[in-house]
Each structure stands twice: as C-alpha cells, then as structure tokens.
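# Observations on the three-dimensional arrangement
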Amino acid sequence: MPEQKRIDCLKCIHFYVTWDPKLPKGCKAFGFKSQGLPSQVVFSSSGKPCMHFAAKPSR
Ligand code: SF4
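Described in the following lines is the structure provided in the data block. Just so you know, these numbers come straight off a predicted model, no measurement behind them.

## Here we look at the site of the ligand
- Close to the ligand lie I7, C9, C12, H14, F15, C27, A29, P38, S39, C50, H52 and F53, which account for all nearby residues.
- Of the residues assigned to the shell around the ligand, the class counts are 9 nonpolar, 3 polar and no charged.

This is the structure we're talking about:
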C-alpha cells in the first residue's frame with residue numbers, strides 16, 4: 001500500500017472555502033470542490049499525493 005502523505009490544504013495558497021454546505025472546501029489549482037480535504041481527494045483518485053501544494057506566506 002502506498003504511503004499516504006497528509007498534505008495540509010489549509011496551509012496552501014490554492015485552498016479556499018466555497019460556502020457550499022455540501023462541498024465546503026475548494027482547490028483552485030485543480031478546480032474542484034469537495035467535502036473533505038482536497039489533498040485527500042487528489043490522493044484517493046490519483047493514488048499520488050498532491051504535487052501543487054504551495055505554502056501560504058507567513059504573516
Ligand atoms: S493544491 Fe493540493 S495542497 Fe493545495 S489546496 Fe489543492 S489539493 Fe490541497
């Protein structure tokens with residue numbers, strides 16, 4: 001079984017909150033909305049960890 005890396009979308013510049021109660025989390029890089037973390041959707045559908053993570057600049 002491949003190792004599942006937990007990529008924290010909340011720290012990624014591509015992550016956004018959609019305000020859609022059914023699909024509250026969104027990824028601008030991949031262009032989809034999801035119920036859970038987008039990186040988990042990417043992993044479960046592709047079998048690979050997200051390669052587009054880009055850390056938000058620290059304030
Ligand atoms: S690019 Fe990857 S890490 Fe960033 S929000 Fe999308 S799925 Fe998450």
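This is not the end of the story, as more comes after the structure.
## Remarks on the side chain of S39
- Here S39 is to be found in helix α1 (residues 38-46).
- On the accessibility criterion, S39 (5% relative accessible area) is buried.
- From its side chain, S39 meets the backbone oxygen of I7 in a polar contact 2.8 Å long.
- Once residues within four sequence positions are removed from consideration, S39 is found in contact with I7, C9 and C50.

## A short note on α1
- Of the positions making up α1, those classed as buried are P38, S39, V42 and F43. The arc enclosing the buried residues of α1, seen along the axis, measures out at 140 degrees, which places them on a common side. Exposed positions of α1 whose direction lies more than 90 degrees from the buried face are S44 and S45.
- If you follow the buried residues of α1, they end up packed against β1 (15-17), β2 (25-27) and β3 (32-34).
- One or two steps after α1, the chain reaches G47, where phi turns positive at roughly 80 degrees.

Rules of the game
Residues numbered from 1 in each chain as written. Predicted model: local features only at pLDDT ≥ 70, side-chain atom pairs only at ≥ 80, totals over all residues. Heavy atoms only, no water. Near = heavy atom within 4 Å. Nonpolar A, V, L, I, M, F, W, Y, C, P; charged D, E, K, R; others polar. Helix = DSSP H or I, 4+ residues; strand = E, 2+ residues; numbered from the N terminus. Buried < 20%, exposed > 50% of the residue type's maximum accessible area, 1.4 Å probe, protein only. Polar contact = N/O pair within 3.5 Å; in protein donor to acceptor, adjacent residues only side chain to side chain. Contact = heavy atoms within 4.5 Å. Arc of directions from axis to C-beta.

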